[in-house]
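Fold and geometry: a report
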Amino acid sequence: MTKLLLPLLLLCLSITALSSSVIVDNTGRAYASFFKLHIEKSSLNDCIVKFGETKIYKDGDASDSSLRINYYFSDEDSYVTFNSGEMGGGKYITSVTVCNEKVNEEYKTISNYRFRDGDFGNLRLGLKRETIVDSFRSLKWNNTIAERHYENKVKMSNEEKDTRGIDVRDAFYDEIIAVKFYFKEDNLYKFSISKVTTF
């Protein structure tokens, strides 16, 4: 009986390890999804509905203004900031920052909530630098900060082409996703993900 249980236990452990490892995604899209929310598709209001009321901060003025809201996930010891910049119109999320250093602004504390498998492509604070280097190719470094850019072509639907008055067979959006990694003593203490789609 023990001989049968040991291989089963090892298999379960290996599946757990695989499910919690960083997702390798050549489009970058896996990192732009979290808590069943998505950069550019979900709004700051979606975050407020999901996690509760919190103070909304405004930066800049007129054309370059942006809004942001902060939450502290106590079970993860993580501060998460959702931003809506110019391309999001102060409504849709354009970037997210996750950090384990206290935000010097008001934030709502969320307890009894763990990051789920797949959130942020399984990026987690505390990962070793070597894990990020092994998982992400073509990193650009500036001291202790690394960045990875993804550029994708997204085909327009026929409805989108009609709405825009485009009369060509294939038309595409340009989608750019940027992931930034911040390290202290070779450990990831902060990461940010932004996404913008243009035509």
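Nothing here was measured: the structure is a model prediction, and the numbers come from that model.

Burial runs high along strand E5 (residues 78-84): 7 of the 7 residues are buried. Of the two faces of E5, the one holding Ser78, Val80, Phe82 and Ser84 and the one holding Tyr79, Thr81 and Asn83 are both buried throughout. In this structure, strand E4 (residues 66-73) lies alongside E5, joined through 7 bridges in antiparallel fashion. Among the inter-strand pairings, Phe73 is bridged to a residue of E5, identified as Ser78.

A few words on the nonpolar core. With 37 residues, the main nonpolar core has Phe35, Phe82, Phe120, Leu123 and Phe181 as its most contacted residues. Mapped by element, the contributors of at least two residues to this core are helix H2 (44-51), E4, E5, strand E6 (95-99), strand E9 (145-155), strand E10 (172-184) and strand E11 (187-198).

So, on to the side chain of Asp119. For Asp119, the location among the structural elements is in the loop between strand E7 (108-110) and helix H3 (129-135). No salt bridge is formed by the buried Asp119, whose closest oppositely charged neighbour, Arg124, lies at an N-O distance of 5.1 Å. Separated by 2.8 Å, the side chain of Asp119 and the backbone nitrogen of Arg116 make a polar contact. Filtering out sequence-adjacent residues up to four positions away, Asp119 remains in contact with Ser33, Phe34, Phe35 and Arg124.

What follows deals with the packing of aromatic side chains. Considering all chains together, one arrives at 25 aromatic pairs under this definition. Aromatic side chains Tyr79 and Tyr107 sit 5.2 Å apart centroid to centroid with 85° between the ring planes, which places their arrangement in the edge-to-face category. Placement of the pair is Tyr79 in strand E5 and Tyr107 in the loop between E6 and E7, with a sequence separation of 28 residues. A residue is classified by how much of its surface remains accessible, and Tyr79, at 8% relative accessible area, is buried. One aromatic cluster is present, formed by Phe34, Phe35, Phe51, Tyr71, Phe73, Phe82, Tyr113, Phe115, Phe120 and Phe191 through successive ring pairs. A cation over a ring is seen here: Arg129 above Phe183, with NZ or CZ 5.2 Å from the ring centre.

Rules used in this analysis
- All residue numbers refer to position in the chain's written sequence, counted from 1.
- Given that this is a predicted model, residues contribute local features only at a pLDDT of at least 70 and side-chain atom pairs are listed and counted only at 80 or more, while totals for whole chains, interfaces and linings are drawn from all residues.
- Excluded from the side-chain calculation are hydrogens and water; included are all heavy atoms of the structure.
- The buried label applies to any residue whose accessible area, calculated with a 1.4 Å probe on protein chains only, is under 20% of its type's maximum; exposed applies above 50%, and partly exposed to all values in between.
- Counting from the N terminus, the helices are the DSSP runs of H or I reaching at least four residues and the strands are the DSSP runs of E reaching at least two.
- Pairing between two strands is assigned when DSSP locates at least 2 bridges connecting them.
- Take the buried Ala, Val, Leu, Ile, Met, Phe, Trp, Tyr and Cys residues and link them wherever side-chain atoms come within 4.5 Å; each set so joined is a nonpolar core.
- The positive count covers Lys and Arg only, the negative count covers Asp and Glu only, and His and the chain ends enter neither.
- Take a side-chain nitrogen of Lys or Arg and a carboxyl oxygen of Asp or Glu: if they are within 4 Å of each other, that pair is a salt bridge.
- The term polar contact refers here to a pair of N or O atoms within 3.5 Å; inside protein, the definition further demands a hydrogen-donor-capable atom paired with an acceptor-capable atom, and it admits residues adjacent in sequence only when both atoms are side-chain atoms.
- Any two residues whose heavy atoms approach within 4.5 Å at even a single point are treated as in contact.
- In summary, the pairing rule links any two rings of Phe, Tyr or Trp, Trp by its six-membered ring, whose centres are within 6.5 Å, and it sorts them by plane angle into stacked for under 30 degrees, edge-to-face for over 60 and tilted for everything else.
- Consider the ring centre and the ring normal. A charge sits over the ring if Lys NZ or Arg CZ is within 6 Å of that centre and within 35 degrees of that normal.

Limitation: the analysis is restricted to geometry and does not speak to function.
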